[in-house]
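Observations on chain architecture
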Amino acid sequence: DLRIQFCDVLGVRYSVLYWASAFGHLQVVRLILNTPLLRQRNQLESTFSTPRNYTPLFVSANNGHLEIVEELLKSGAKVDHGADQFGFTPLMRAV
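Because the structure is predicted, anything quoted here is derived from the model rather than measured.

Section: the packing of helix 2 (residues 26-33) against helix 6 (residues 66-74)
Two numbers describe how helix 2 lies on helix 6: the axes approach to 10 Å, and their chain directions differ by 5 degrees. Between helix 2 and helix 6, the angle is such that the two are roughly parallel. Residue-level inspection shows Leu26, Val29, Arg30 and Leu33 of helix 2 in contact with helix 6, the latter providing Glu67, Ile68, Glu71 and Leu72. Residue composition of the contact of helix 2 with helix 6, grouped by class: 5 nonpolar, no polar and 3 charged.

Below, the structure written as structure tokens:
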């Protein structure tokens, strides 16, 4: 059973899914998305968002990682989940 891990950077808790999405590590994203724990929760945004509402979908869209965006959307990520401090949603960042 793969446990979802977090790391603290300057007092903000980031998930491994967040980092893999941000840096374009498609295989890691797929591995995490296929864990039973994550499928059971089915809460990508609330489980893995930062205090500024940065989600794995947000950072992958913002960084141009199309395949990861597609994987996250297939797994239930929402394009309109919360806006960042500038009012942008993942959908707005992708456009």
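The structure having been displayed, the exposition proceeds.
Things to note about the packing of aromatic side chains
Scanning the model with the defined rule gives 3 aromatic pairs in all. Between the aromatic rings of Trp19 and Phe23, the centroid separation amounts to 5.7 Å while the plane-to-plane angle is 10 degrees, which identifies the pairing as stacked. Linking Trp19 with Phe23, this pair stays in helix 1 (residues 16-23), spanning 4 residues, or about one helical turn. By relative accessible area, which is 54% here, Phe23 ends up exposed.

Notes on helix 2
One turn of an α-helix holds 3.6 residues; hence residues three or four places apart share an orientation. Here helix 2 has its buried residues at Leu26, Val29, Ile32 and Leu33. Buried residues in helix 2, looked at end-on, bunch into an arc of 130 degrees, giving them a common side. In helix 2, the exposed residues that point more than 90 degrees away from the buried face are Gln27 and Leu31.

Structural notes on the side chain of Ser60
Structurally, Ser60 is set in helix 5 (residues 56-62). Ser60 has contacts with Ser21, His65, Ile68, Val69 and Leu72, leaving out every residue within four places of it along the chain.

Considerations on the nonpolar core
Counting residues in each nonpolar core, the largest one holds 12 residues, listed as Leu17, Ala20, Leu26, Val29, Ile32, Leu33, Leu57, Ala61, Ile68, Val69, Leu72 and Ala77. Residue assignment for this core shows that the elements contributing at least two residues are helix 1, helix 2, helix 5 and helix 6. If we skip the residues at most four places from it in the chain, Val69 touches Leu57, Ser60 and Ala61. Ranked by size, the runner-up nonpolar core spans 6 residues in total, among them Tyr14, Tyr18, Tyr54 and Phe58.

Concerning helix 1
Residues of helix 1 that are buried: Leu17, Tyr18, Ala20, Ser21 and Ala22. Gly24 lies just past helix 1 and shows a positive phi near 80 degrees.

About the criteria used
Residues numbered from 1 in each chain as written. Predicted model: local features only at pLDDT ≥ 70, side-chain atom pairs only at ≥ 80, totals over all residues. Heavy atoms only, no water. Axes fitted to C-alpha atoms, helices over the stretch in contact; angles between N-to-C directions. Helix = DSSP H or I, 4+ residues; strand = E, 2+ residues; numbered from the N terminus. Parallel < 35°, antiparallel > 145°, perpendicular 65-115°, else oblique. Contact = heavy atoms within 4.5 Å. Nonpolar A, V, L, I, M, F, W, Y, C, P; charged D, E, K, R; others polar. Phe/Tyr/Trp six-rings, centres within 6.5 Å; stacked < 30°, edge-to-face > 60°. Buried < 20%, exposed > 50% of the residue type's maximum accessible area, 1.4 Å probe, protein only. Arc of directions from axis to C-beta. Core = buried A, V, L, I, M, F, W, Y, C linked by side-chain atoms within 4.5 Å.

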